[in-house]
Amino acid sequence: MFLLVAASLFGAQSVRAQVTLTSALDEPNVFALRHDSVKTVIVYDSKDAEVVKKSARLFADDIQRVTDKTVSVGTKPVENCVVVGTLGQNALIDRWASEGKLSDTDALRGAWECYTIQLLRDPQPGIKTALVVAGSDRRGAAYGLLSISELIGVSPWYWWADVPAAKKTEIILQVNKTTSKPPTVKYRGIFINDEDWGLANWAKNTFEPGVKIGPKTYEKVCELLLRLKANYLCPAMHGSSHPFNKFPENAEIANSYAIVMGSTHCEPLLFNNATEWDKKTMGDWNYATNSDTINSVLRKRVKDNGKYENVYTLALRGLHDAAMQGSANMDDRVRLMESALIDQRQILTDVLKKTLTDVPQAFFPYKEVLDVYSRGLKVPDDVTIVWADDNYGYMKRLSNPAEQKRPGRSGVYYHVSYLGKPHDYLWMGSTSPALMYEELRKAYDTTADRIWLLNVGDIKSCEFHLQLFIDMAWNINAFNYDNIANHHARWLAKNFNAESYRDYLNITSTFYRLAFSRKPELMGWGYEWNVDQSRHERVTDTEYSFSNYKEAEKRLADYDRIGKAADRLMNALPKEQQPAFFQLVYYPVRGAELMNRVHLNAQKNRIYARQGRAATNEIRDEVRKYYEELKTLTAIYNNQLGGKWNGMMSLRMGGPTTYHELPPTETVELLAEPAFGIQAEGEDVQLGTRSYNALPCFNPYLTRAYYVDVYNKSAQPLAWTLTTSAPWIVVSRNAGATATEDRIMVAIDWSKVPAGEENLLGTIEIAANNIKRQVLVSAFNPATPARAEIGGLYVEDNGCVSIPANGYARKTENGRIKMRAIHNLGYEDKCVQLGNPIQSMERPSNLKSPSLEYDFYTFHAGPVDVYTYALPTFPIFEDPNFAGHETTNVHTRFGICIDDGAILTPTSSSFEYAKDWYESVLRNCAIRKTTLYISKPGKHTLRVICGTPGIVLQKFVIDLGGMKRSYMGPPSTRVPANE
């Protein structure tokens, strides 16, 4: 095993690992950390920072977790000791550095959160071997020591996710000198938010009874952050929890773990206006009319907390998450907010007695505040601008070229959990890691290296996302588009079983692909807060189709597959690992599976009820069974480990949601007389459109099979027989008996279909109870082109062509714009990004601009609708110096054309809270229709031209009139090559 993060899995340093576990004391450069033949003491200096002393005690505890043996902690060195300390605060370390025995200390001095780990032999009389962990500052020393904790097998999640340490009888380290580099982001941390349904409930009723998140909870939070190499915390601030500063010891605890305290976008200068502002005694939270009172409470907060390390948020919003009160005139708002920021900075100057450039300050242009900023609000250059995503993972704005020159630089406020329009997602962490990297990398590349803040909800269920976020903030350069999709699986392999890595990769990649198209919390398909008479979500059918493209069935099959894999893996683990696996893998996977089963089968039940199917009531009962299983699964989560997490997990997470309730189902009274019906694949709208049943047309290029359902409508058993009109029609069965329904798969034996038959028609006849019904079977087998001629092309199939974005035939690049694939992202599980988003715009109407080309073949001509499926990203900034002719940089733009036809320039972006944005973020896809023209049947080329660099494409559908209703569009129509 390796210590440093680039050599391990978690993004620390891109250097060769220098500290490893070994088993022999006679190897070079070894240190017996715990061995029966050697007494080891962990030594710190009594004058050093509290976090150094605390980390020494934590480290001793970790050794005991691994070996069940204790080691001593103290201030007096012995023959074999671990010496941990801060340069300038530890006498032993300073002496050895001055004597040249401890090297590289000059480079360490003044660095931010760095450490060196070195093994010294006989550094002074009485000490034979010293493992020295020297930090450039207090956190650097703690990080270095706790990095060794990870090396010996203690996960940062040993308490928060109950990950056990693998037991060893002894711990021997092989140590070669190593010195870490500074983290790529200075302040890295979390915002505990929307804690009402989980963390606050659990803390109050289970962990620290009667206290709604207090010192006992924050001690565990701070330890976790320290172990993760995070250093920044914005505490819970909802009315369901006690304000952080209600308990003075909270700030003391944070300081003892060297955690920098902050506050979020609506909390100026560490003041929680949601729960600390008392309107009865303080008046209105209105800066226009009550600024003196507001400033007085802010001044007191800085006086009380100024002795600790803080990042001070400059802010003026309304109470909690509301817009600020006062005039609706934007210029008035700019003036009022500027006045508030000036006053808050004056408070910092007066109370802290420091130059403001030495005081970390943050400004969050979140929601409506971004509009005020864009209107001309002046933010002092030494203040860090913390850009926010749109609450759904897409960065709304980043620093433009002028802002990139600000000394305060910038940061990001990112969500993997959210309460708000158009729908909450608080239950389960399911944000795509690839999306996180794509968005956060471009933020970092535009100077967002000062503050990274993650809205992590209750922490629980977002454990991996917190780990990933901090890993990237610690060393963003350890990640790329080739390894980001594997990070979760590698993390699980480290925590559980390395031999199961491939299984973990299968589970995690499928989980994120499925959740990308629709998060589990969104399966009720409703909106929240969208109507005056009822704010509650109204559950409806989903847009996943049971009729077209086998879309719903494929989704359920994928969830079934990874659910069974999670079950198999958990049962194979030792019992001591199962609780952690349950929390980190099993509950998310099986919970998402059951949530999808509940809603999709409820949809199926309602469809069946309209058709009078005998299976309707059986499906209703299955929905209820799945729902009870989901409740049972959640109860197991809360009750495992003697009820340690009781009250933490709840199906109901959020405001006016109803996705967590049993959805409506139907009950049918079956006919007494024998009766049956049939439904062919692709038949979703029958009444009033046609009076016959027909399958989609078959062609020899894709060799697909389609289904016909024979369903009973009677209380009596149904016996049926099937005959075909031609030998080229192949069916999976010719007879059956069922109380509910049977599915027959239909294919074509192309060896029996004459070439050149373009309108071949046959039938399937199904007979039961002296009633006969027919299904039309169409086959299209043109003489040309031969299948081999168009291998690798995308062919028109039933009136449409479907092309995954990564399936391009050719690409044109230049020195600035390089096309890159992003794995495990998008509906097709691989996207293409049109260049690096930090590059300047290209001309999307210029055929010489970088582009992608896709070859396809059609049997029709004329106008076609081309649907582009893209990520709903925003332009990273609106350049105020942009002066294009008949163009704009308010929206993203790309060019699209067929052959040498007209180039049109759609966008992938929208305005936040517009209807289009609602739909796009819920489905993680902006679908744009462009009408183009095909001059004649045959081979053609779809060209997509870069305009705004960084646009991420998922797929294209060319609709010649046959595209069926579905959620994600038809599957790829690529003709296999070389067959």
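Please read all numbers here as calculations on a predicted model, not as lab measurements. (Residues numbered from 1 in each chain as written. Predicted model: local features only at pLDDT ≥ 70, side-chain atom pairs only at ≥ 80, totals over all residues. Heavy atoms only, no water.)

Considering the overall build of the protein
Logical step 1: Check the secondary structure of the protein and you find 19 helices and 37 strands.
Logical step 2: Relative to the 2.2 N^0.38 estimate, which gives 30 Å for 979 residues, the radius of gyration of the protein is 31 Å and therefore close to what a compact globule would have.
Logical step 3: The C-alpha extent of the protein, read off along each of the three principal axes, is 100 × 70 × 60 Å.
Logical step 4: Counting across all 979 residues of the protein, residues that qualify as buried make up 62%.
Logical step 5: Residue pairs at least 24 apart in sequence account for 75% of intrachain contacts in the protein once pairs closer than 6 positions are excluded.
Logical step 6: One way to put it: in the protein the 112 positive side-chain charges average out to a point 2 Å from where the 112 negative ones average out. (Helix = DSSP H or I, 4+ residues; strand = E, 2+ residues; numbered from the N terminus. Rg over C-alpha atoms; globule rule 2.2 N^0.38 Å. Buried < 20%, exposed > 50% of the residue type's maximum accessible area, 1.4 Å probe, protein only. Contact = heavy atoms within 4.5 Å. Lys, Arg positive; Asp, Glu negative; His and termini not counted. Charge placed at Lys NZ, Arg CZ, Asp CG, Glu CD.)

With respect to the packing of aromatic side chains
Logical step 1: Within this structure, the stated rule accounts for 49 aromatic pairs.
Logical step 2: Between Trp-160 and Trp-202 the ring centres are 6.2 Å apart and the planes differ by 50°, which places this aromatic pair in the tilted class. In this pair, Trp-160 is assigned in the loop between helix H4 (138-151) and strand S8 (171-175) and Trp-202 in helix H5 (residues 199-207), connecting sequence segments 42 residues apart. With respect to class, Trp-160 is no different from Trp-202; both count as buried.
Logical step 3: With centroids separated by 6.1 Å and ring planes inclined at 85°, the aromatic side chains of Trp-427 and Tyr-587 adopt a geometry described as edge-to-face. (Phe/Tyr/Trp six-rings, centres within 6.5 Å; stacked < 30°, edge-to-face > 60°.)

Details of the packing of helix H15 (residues 501-517) against helix H16 (residues 551-572)
Two packed helices can be described by the angle between their axes and the distance between those axes.
Logical step 1: As a packed pair, H15 and H16 sit with axes 10 Å apart at the nearest point and diverge in direction by 145°. H15 and H16 meet at a crossing whose hand is left-handed. Taking contact as the criterion, the partners of Asp-503, Tyr-504, Asn-506, Ile-507, Thr-510, Phe-511, Arg-513, Leu-514, Ala-515 and Ser-517 in H15 are, on H16, Arg-555, Asp-558, Tyr-559, Arg-561, Ile-562, Ala-565, Ala-566, Arg-568 and Leu-569.
Logical step 2: Per-class residue counts for the contact of H15 with H16 are 10 nonpolar, 3 polar and 6 charged. (Axes fitted to C-alpha atoms, helices over the stretch in contact; angles between N-to-C directions. Left-handed = near helix turned anticlockwise from the far one by under 90°. Nonpolar A, V, L, I, M, F, W, Y, C, P; charged D, E, K, R; others polar.)

A few points about the sheet that holds strand S14 (residues 361-363)
Logical step 1: A sheet is described by the order of its strands in space; here 8 strands give the open sequence S12-S11-S10-S17-S16-S15-S14-S13, paired in parallel fashion. The open sheet has two edge strands with one neighbour each: strand S12 (260-261) and strand S13 (312-314).
Logical step 2: Bridging between strand S10 (residues 187-192) and strand S17 (residues 448-457) involves 6 bridges; their strand directions are parallel. Following the sheet pairing, Ile-190 is matched in S17 by Leu-454. (Pairing = 2+ DSSP bridges.)

Observations regarding the state of the cysteines
Logical step 1: Going through the model one piece at a time under the given rule, you end up with 0 disulfides.
Logical step 2: No disulfide involves Cys-925; its sulfur sits 8.7 Å from the nearest other cysteine sulfur, which is in Cys-831.
Logical step 3: According to the relative accessible area criterion, Cys-925 is buried, its value standing at 1%. (Disulfide = S-S within 2.5 Å.)

What about the pattern of salt bridges?
Logical step 1: Counted by the stated rule, this structure contains 65 salt bridges.
Logical step 2: Between Asp-321 and Arg-317 there is a salt bridge whose closest N-O contact spans 2.5 Å.
Logical step 3: What makes Arg-317 buried here is its relative accessible area of 2%.
Logical step 4: A salt bridge links Arg-345 to Asp-382; the shortest N-O distance between them is 3.1 Å. Of the two residues, Arg-345 sits in helix H10 (residues 330-352) while Asp-382 sits in the loop between helix H11 (368-375) and strand S15 (384-388), which places them 37 residues apart along the sequence.
Logical step 5: Several salt bridges converge on common partners, so that one network encompasses Glu-113, Arg-138, Arg-139, Arg-188 and Glu-309. (Salt bridge = Lys/Arg side-chain N within 4 Å of Asp/Glu carboxyl O.)

Considering the pairing of strand S33 (residues 862-870)
Logical step 1: Across the 9 residues that make up S33, a large majority, 7, are buried.
Logical step 2: One ladder, built from 6 bridges, connects S33 with strand S37 (residues 952-959); its direction is antiparallel. What sits directly across from Val-866, in S37, is Ile-958.

Re the sheet that holds strand S3 (residues 40-43)
Logical step 1: Taken together, 6 strands build an open sheet; the order of strands is S4-S3-S5-S7-S6-S9 and the sheet is mixed. Strands with a single pairing partner mark the edges of an open sheet, and in this sheet they are strand S4 (72-74) and strand S9 (178-179).
Logical step 2: When S3 meets strand S5 (residues 80-86), the two strands line up parallel, connected through 4 bridges. By the bridge assignment for S5, Thr-40 is matched with Asn-80.
Logical step 3: The sheet strands contacting helix H1 (residues 50-67) are S3, S4 and S5, and the helix crosses S5 at an angle near 145°.

Considerations on the domain arrangement of the protein
Logical step 1: According to the domain assignment, the protein contains domain 1 (19-179), domain 2 (187-481), domain 3 (482-668), domain 4 (676-778) and domain 5 (788-975).
Logical step 2: Centre-to-centre separation of domain 2 and domain 5, based on C-alpha positions: 37 Å.
Logical step 3: Taken together, the contact pairs 26 residues of domain 2 with 28 residues of domain 5.
Logical step 4: Of the roughly 2,200 Å² buried between domain 2 and domain 5 on both sides combined, carbon and sulfur atoms contribute 65%.
Logical step 5: At the junction of domain 2 and domain 5, the tally comes to 1 salt bridge.
Logical step 6: Applying the counting rule to domain 2 against domain 5 returns 5 residue pairs in polar contact (both at pLDDT 80 or more). (Domains from an automatic or database assignment. Buried area = accessible area lost by both parts, 1.4 Å probe. Polar contact = N/O pair within 3.5 Å; in protein donor to acceptor, adjacent residues only side chain to side chain.)

Concerning the pairing of S8
Logical step 1: Of all 5 residues in S8, 4 are buried, a share of seventy percent or more.
Logical step 2: Across 4 bridges, the pairing between strand S1 (residues 19-22) and S8 is antiparallel. Across the sheet, the residue bridging to Thr-22 is Ile-172, located in S8.
Logical step 3: The pairing of strand S2 (residues 30-34) with S8 spans 4 bridges and is classified as antiparallel. In the strand pairing of S8, Ala-32 is matched with Ile-172.

Description of H16
Note on helix geometry: an α-helix contains 3.6 residues per turn, so any two residues three or four positions apart are oriented the same way.
Logical step 1: Over its 22 residues, H16 runs 32 Å from end to end, which matches the ideal 32 Å to within 8%, given 1.5 Å per residue.
Logical step 2: Those residues of H16 not exposed but buried are Glu-551, Ala-552, Arg-555, Leu-556, Asp-558, Tyr-559, Ile-562, Gly-563, Ala-565, Ala-566, Leu-569 and Met-570.
Logical step 3: On its buried side, H16 packs onto H15 and helix H17 (578-611). (Expected span 1.5 Å × (residues − 1).)

Digging into the side chain of Ser-263
Logical step 1: For Ser-263, the location among the structural elements is in the loop between S12 and helix H8 (279-282).
Logical step 2: At 2.6 Å, the side chain of Ser-263 forms a polar contact with the backbone oxygen of Glu-267.
Logical step 3: Within the structure, Ser-263 has its side chain in polar contact with the backbone nitrogen of Leu-270 (distance 3.3 Å).
Logical step 4: Residue contacts for Ser-263: discarding those within four places in its chain leaves Tyr-232, Cys-234, Leu-269, Leu-270, Val-311, Thr-313 and Phe-364.

A short note on unusual backbone geometry
Logical step 1: At the junction of Lys-421 and Pro-422, the peptide bond is cis and its omega measures out at 0° in the coordinates.
Logical step 2: Examined against the element boundaries, Pro-422 turns out to sit in the loop between strand S16 (410-415) and helix H12 (433-444).
Logical step 3: A cis amide bond links Thr-784 to the next residue, Pro-785, at an omega of 0°.
Logical step 4: Tracing the backbone through its elements, the reader meets Pro-785 in the loop between strand S26 (771-781) and strand S27 (794-795).

Overview of the environment of Asn-806
Logical step 1: The topology assignment puts Asn-806 in the loop between strand S28 (800-804) and strand S29 (810-812).
Logical step 2: Each C-alpha atom of the pair Asn-806 and Met-819 lies 9.9 Å from the other, and the pair is 13 residues apart in sequence.
Logical step 3: Residues within four places of Asn-806 in sequence aside, it is in contact with Ala-821, Lys-830, Cys-831 and Val-832.

Observations regarding the confidence of the model for the protein
Logical step 1: Counting all residues, the mean pLDDT for the protein is 95, and 97% of those residues have values of 70 or more.
Logical step 2: This stretch, residues 1-8, has a pLDDT under 50; its non-local contacts, to residues over four places away or in other chains, come to 34 contacts.
Logical step 3: Contacts of residues 10-16 to residues separated by more than four positions or lying in other chains number 35 contacts, the stretch itself having pLDDT below 50. (pLDDT = per-residue confidence, 0-100.)

Side note on the environment of Ala-161
Logical step 1: Following the sequence through the fold, Ala-161 ends up in the loop between H4 and S8.
Logical step 2: Residue Ala-161 is classed as buried on the basis of its relative accessible area, which comes to 0%.

Some details on the environment of Ala-142
Logical step 1: Inspection of the secondary structure assignment puts Ala-142 in helix H4.
Logical step 2: Exposure remark for Ala-142: the relative accessible area of 0% places this residue in the buried category.
Logical step 3: Residues Ala-142 and Asn-646, spaced 504 residues apart in sequence, show a C-alpha to C-alpha distance of 32 Å.
Logical step 4: Apart from residues lying up to four places away in sequence, Ala-142 is in contact with Val-51, Ser-55 and Leu-226.

Remarks on H15
Logical step 1: In this model, H15 (17 residues) spans 25 Å end to end at C-alpha, consistent with the 24 Å of a helix rising 1.5 Å per residue.
Logical step 2: Judged by how many residues are buried, H15 sits mostly within the fold: 13 of 17 residues are covered.

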